[in-house]
Structure formats: C-alpha cells, structure tokens
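Chain and residue survey
Take a look at the letters that make up each chain.
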Amino acid sequence: MNEQAVEEIPEGYLAPGERPRPGQRPQREVWTGGSNNGRTSTTEAQHWSENAPVVTAPPRATAPSPRQAAATRNVASADGRRTKRRIMGVDVARGFALLGMIAVHTLPASVGTTDQPSLTWVLFGGHSAALFAVLAGVSLAFLTGGRNPRKGIDARRARVGIAVRALMLFALGLLLNTLDFPAYNILIYYGLMFLLAIPFTIMSVRWLLTSAALFMIFAPMLMQFSLTVLPGHVHDNANLVDLVSEPGTVLAELFLTGTYPALPWMAFICLGMALGRLPLTRDRTQILMVIFGAVIAAVAKGLSMLMLLRFDVREALVAATPWLTNKEVMTIQNYGPDPELPTTTMSWLLISGPHTNTPFAIAVSAGLAMVALGIFLLICRWIGRFLAPLGAMGSMTLTIYSAHLVFLAFVPISETPMFWLIVQIAAAALVATAWQHALGSGPLERFVTKASRAAGRKLVPNGQVGPRH
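These numbers come from a predicted model, not from an experiment.

1. Here's the deal with the layout of surface pockets
Considered as a void within the structure, the largest pocket measures approximately 1,600 Å³ in volume. As for the largest pocket, its lining consists of 49 residues, of which Arg86, Leu143, Arg165, Thr449 and Arg453 are closest to the centre. For the lining of the largest pocket, the leading source of residues is helix H19 (residues 443–459), giving 10 residues. Considered class by class, the residues forming the lining of the largest pocket number 20 nonpolar, 13 polar and 16 charged. Space inside the second largest pocket adds up to approximately 730 Å³. Along the wall of the second largest pocket there are 39 residues; nearest its centre are Trp121, Tyr184, Tyr335, Pro337 and His355. Listing elements by their share of the lining of the second largest pocket, those giving two or more residues are helix H3 (88–106), helix H4 (119–124), helix H5 (127–143), helix H10 (247–257) and helix H14 (326–335). The residue makeup of the lining of the second largest pocket, split by class, is 21 nonpolar, 14 polar and 4 charged.

2. Digging into empty space enclosed by the protein
Evaluation of the coordinates by the stated rule reveals 2 cavities of 30 Å³ or more. Empty space within the largest cavity amounts to approximately 80 Å³. Lining the largest cavity, in full, are Gly126, Ala130, Trp265, Phe268, Gly353, Pro354, His355, Thr356, Asn357, Ala361, Ile362 and Ser365. No other element matches helix H15 (residues 359–383), which puts 3 residues into the lining of the largest cavity. The residue inventory of the lining of the largest cavity, partitioned by class, reads 6 nonpolar, 6 polar and no charged. The space that makes up the second largest cavity amounts to roughly 40 Å³. Thr144, Pro149, Arg150, Ala155, Ala158, Arg159, Thr201 and Arg277 are the residues that line the second largest cavity. Tallied by class, residues from the lining of the second largest cavity come to 3 nonpolar, 2 polar and 3 charged.

3. Some details on the packing of aromatic side chains
The tally for this structure, following the rule as stated, stands at 11 aromatic pairs. With 5.9 Å between their ring centres and 35° between their planes, Phe132 and Tyr190 make a pair best called tilted. Here Tyr190 lies in helix H7 (residues 187–197) and Phe132 lies in helix H5, a separation of 58 residues in the sequence. For the pair Phe132 and Tyr401, a centre-to-centre distance of 6.4 Å together with 45° between the ring planes defines the contact as tilted. Of the two residues, Phe132 sits in helix H5 while Tyr401 sits in helix H17 (residues 397–410), which places them 269 residues apart along the sequence. Both residues of the pair, Phe132 and Tyr401, belong to the buried class. An aromatic cluster of at least three residues, connected via ring pairs, comprises Tyr189, Tyr260, Trp265 and Phe268.

4. A word on helix H13 (residues 313–320)
Within H13 the residues assigned to the buried category are Val313, Leu317 and Val318. Projected down its long axis, H13 carries its buried residues within an arc of 140°, all on one side. Buried residues in H13 make contact with helix H12 (283–309) and H14.

5. Quick word on the packing of H5 against helix H11 (residues 262–276)
Where H5 meets H11, the closest approach of the two axes is 6 Å, and the angle between their N-to-C directions is 45°. Considered as vectors, H5 and H11 are oriented oblique to each other. Handedness of the H5/H11 crossing: right-handed. Contacts between H5 and H11 involve Ala129, Ala130, Ala133, Val134, Ala136, Gly137, Val138, Leu140, Ala141 and Phe142 from the first element and Trp265, Phe268, Ile269, Leu271, Gly272, Met273, Leu275 and Gly276 from the second.

6. Some thoughts on the side chain of Thr345
Position of Thr345 relative to the elements: it lies in the loop between H14 and H15. Under the relative-accessibility criterion, Thr345 is labelled buried at 19%. Excluding its chain neighbours within four sequence positions, the residues that come into contact with Thr345 are Gln224, Leu317 and Ala320.

7. Observations regarding the environment of Phe225
One can find Phe225 in helix H8 (residues 205–226). When its relative accessible area of 51% is taken as the criterion, Phe225 is described as exposed. Between the C-alpha atoms of Phe225 and Thr343, which are 118 residues apart in sequence, the distance is 7.6 Å.

8. Some details on the pattern of salt bridges
Summed over all chains, the structure comprises 3 salt bridges. Its salt-bridge partner being Asp91, residue Arg94 comes within 2.8 Å of it at the nearest N-O pair. Linking Arg94 with Asp91, this pair stays in helix H3, spanning 3 residues, or about one helical turn. Arg381 is the partner of Asp283 in a salt bridge, and the nearest nitrogen-oxygen pair spans 2.7 Å. A residue pair is termed long-range when its members are at least 10 positions apart, and Asp283 in helix H12 and Arg381 in helix H15 qualify at 98 residues. Here Arg381 falls in the buried class, since its relative accessible area comes to 10%.

9. Observations concerning the nonpolar core
In terms of nonpolar packing, the biggest core is built from 87 residues, with Ile186, Met193, Trp265, Ile269 and Leu373 touching the most fellow members. At 11 residues, the largest contribution of residues to this core is made by H11. Among all residues touching Trp265, those that are not within four sequence positions of it are Gly126, Ala129, Ala130, Ala133, Ile186, Met193, Thr259, Tyr260 and Asn357. With 11 residues, the next largest nonpolar core counts Leu324, Ile332, Trp348 and Ile351 among its residues.

10. Some points on the packing of H3 against helix H18 (residues 417–439)
Relative orientation of the contacting elements H3 and H18 amounts to 155°, with a least axis distance of 10 Å. By the angle between their directions, the pair H3 and H18 is classed as roughly antiparallel. Helix-helix and strand crossings are classified by hand; for H3 and H18 the assignment is right-handed. Two secondary-structure elements touch here, H3 through Leu99, Ile102, Ala103 and Thr106 and H18 through Pro417, Trp420, Leu421, Gln424 and Ile425. Each residue belonging to the contact of H3 with H18 can be placed in one class, and the counts come to 7 nonpolar, 2 polar and no charged.

Cut-off values and rules
Residues numbered from 1 in each chain as written. Predicted model: local features only at pLDDT ≥ 70, side-chain atom pairs only at ≥ 80, totals over all residues. Heavy atoms only, no water. 1 Å grid on protein atoms, 1.4 Å probe; cavity = no way out; pocket = protein on both sides within 12 Å on 5 of 7 lines; lining within 4 Å. Points joined across faces, edges and corners; volume = space filled by probe spheres on them. Helix = DSSP H or I, 4+ residues; strand = E, 2+ residues; numbered from the N terminus. Nonpolar A, V, L, I, M, F, W, Y, C, P; charged D, E, K, R; others polar. Phe/Tyr/Trp six-rings, centres within 6.5 Å; stacked < 30°, edge-to-face > 60°. Buried < 20%, exposed > 50% of the residue type's maximum accessible area, 1.4 Å probe, protein only. Arc of directions from axis to C-beta. Contact = heavy atoms within 4.5 Å. Axes fitted to C-alpha atoms, helices over the stretch in contact; angles between N-to-C directions. Parallel < 35°, antiparallel > 145°, perpendicular 65-115°, else oblique. Left-handed = near helix turned anticlockwise from the far one by under 90°. Salt bridge = Lys/Arg side-chain N within 4 Å of Asp/Glu carboxyl O. Core = buried A, V, L, I, M, F, W, Y, C linked by side-chain atoms within 4.5 Å.

Right, dumping it as structure tokens:
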C-alpha cells in the first residue's frame, strides 16, 4: 500500500483493529457540522448542512369545546381505576351509600308483621349514612390537597371554600326540611360537620386517626350525659322556623342529641379525611383497608353482643330501666332508640344498634365503611365499566339525595314500597349517567363548587400571604 495514501490518524484516535490503551484519553472537540481537526472536509460539511433533517414543531392540539370537556371530565378509564379527575371507586362507594339510604327510607325495616329486622335494614340501617359521612371526609381531604395538603394561599382558599360549602349544605337542609317526608334529613348535620372539620384539615393521617378514635370514645359519653341536661330529640327535621324559635333545642340536637349528632359523627369525618390522605389507588392500601375495616367491625360487634348476651349487660339494662323488658332492649339493639337512648345507666353505651351512636356502634359502621370503600376501589379495576351508572349516581349525590327527599314528600310509597324503590333507583341511574356524559357534575354540585371557589378567591386574594404549615 502506498504510504502517502494512508490517512494520518490524529492523536487520541484509534486505528482500525487497535485496542484502547490504559490511561486517560485526550479530550475531543464537539463536532458542529464544520471542520473538526481536519477530519471533515468543507465539502462534507456543506453536504451535511444541506441534507440535515428538517425538524418541525408538533401540531398544536385543538382545545376541546366546553361540552366535550364536561363530557370527558368524569368518564371512567378503560380499566375503571380513575376518571379524568376523580377516583371511580370513591364515586361508586358513594353511589352505593346513596342507594342504601334510599332503600332504608323506602322499604320497611322489619319483615312483615314480625319483629325481625329486614335484610335491607341489617345491611344499610345506620351503616349507609355512616359510609356517606366517611366519604364526605374523603372529599374534604381531596378538597384540601389529598396526599399533598395545600399550603399558604391555596390552603386558606380551600378552607374558606369548605366553610361556604358547609353553610350552603346547612341552608339547603333547612329548606328541604320545610317539606314533610318520612325520613331523617342528614344535610343540616353535614353542614355542621363540615364546619367542625376545618381545623382538622391541617392534620396528618396519624393525628386524624387519633382524633377519630377520641371522638368515637368520648363524644358518645358526652352525648349520653347531655341527655340529662339538654333538650332531647324534639324535631325530626328542624327547619329555619325551628332554628329561630328554639335555637337551643335545635343546636343541642345538631351537636349531641339528634339522629346524626355532629360531635360523635366527627369520628366518621376524621376517619374519611385520614383515608383521603392515603394513596387510595394502590393495591396495598385497598387490601389493608378491607382487612382492618373487617377486623374493627367484627371485634366491635362481637364484643358488644358478647357483653349484652353473655355477661348480663341486658339484665343490667332492664334492672336500671324497669319500664323496659328484655325484648324491648333487643328492639333498641336491632332498630335503634326511639328517639334517644335512656339515661338510666351509662351501660347503654355498650350496645351497638343502628343510630345509637355509641362507641361500639360507631366502630362497627366505621369498619364496614372501610370495607365497602376498599372493595369498590378494588373491583373497579376490573369491572369499573359495569359500575359506571352507580359511579354516576355517586358523582351527584347531593342532587339525587335532595330529589329523593322531595319525591318522598309528594309520593305515597307505603302501599308498594318495592315498586317505588325500583323507580327511584332506575330514574337516578339513568338521569345521572345521561347528565354526567352530557354536562359533567350535577346541578347542585356544580353550583356549590363554583360558589365555594369564588368565595375562596374573593376572600383570599392573590396578594394575601397565608400561614405556613
């Protein structure tokens, strides 16, 4: 080979077949398309510059119309895990709680003329409302940032929004209570619970669970003691006239002596807020929720029934309350008090019947609420598309629940309760599904959300610095 034809190898470059030598290699210059230490000729540089690939910006996505955005905002994904902005399992659980409350309000609590509670009452009596409250706590956690709690201005706006939301729920409850319907309206209690929950929005999961346990243990004791000094349960559904004319009685009912007393029920709210701070979309969280919930419910129910039937608590209750018989004590255990527990002995706090609001009753309902939420989060991974109507109902529970109470006020259902239950559920599922696909969130939900957000922006302007947490 002619030696003059061999290209000179610059220092630091390897000839074909040459192995790299030990030591640090000399620094190379970055090729910029021009001459590079004599290795690239001017003709080559011109060739690369003329034939370089042309890179164009990706086409700009066309913004969806408001109707399209609303229609896709809450549509479930293919695996049923999430919606565009919601966790579908939470909506399905909320729809299940709503279905249970409608069933309890519509169907009889006992089987025929017997004293045995019906299956509907056993499954949903007191428990569906408790699940509703736990999920309300989950929603409060979402409103304040979920796993990453908001801070500063965002946190203050969220709390102002919760306060406005609470007042609107309270006002809506008072308005609905001007009607006469055969059910206890929970909305005014919810409004008060939302107000009480605002200071707890800054707490961690550990402190929220601790607060839930403290409310579960001590609030029922305060409730039972208050029955001896405060007005008892006078109004089934207090309205604005009752609040103005008898404020002390109504407030006593709302906080301690009513059907859904806010202080004992704060256990459900705090539990729900703690759950809302967890990674709810993870398998581990969902499975542990089911396991712990089942254990809590089983232990609480088992201990209560063991003390009631095996350790002579029932006889002690009869001895302290002589106008009641053993059968009537078991009636309270099965159906709840009418309208509040007797105050003859604190041993009444050992029973676990629905709407008794004792520590054991709260623990049973809280455990079952965890089981229900965990199960629906799990099964929505596989059959979420089949539960879409229930999820649609759960995304607009305020609207459907209010419509349900109005329906009960004007339609007599006692003659054919099962027929009217089917009518209500079918109508709710159809309307909710169609509304969700067409417009997104329900009308009352949208109104409350817009009002609460607007109030937050108005009362906490951008220039105002919020507290650091």
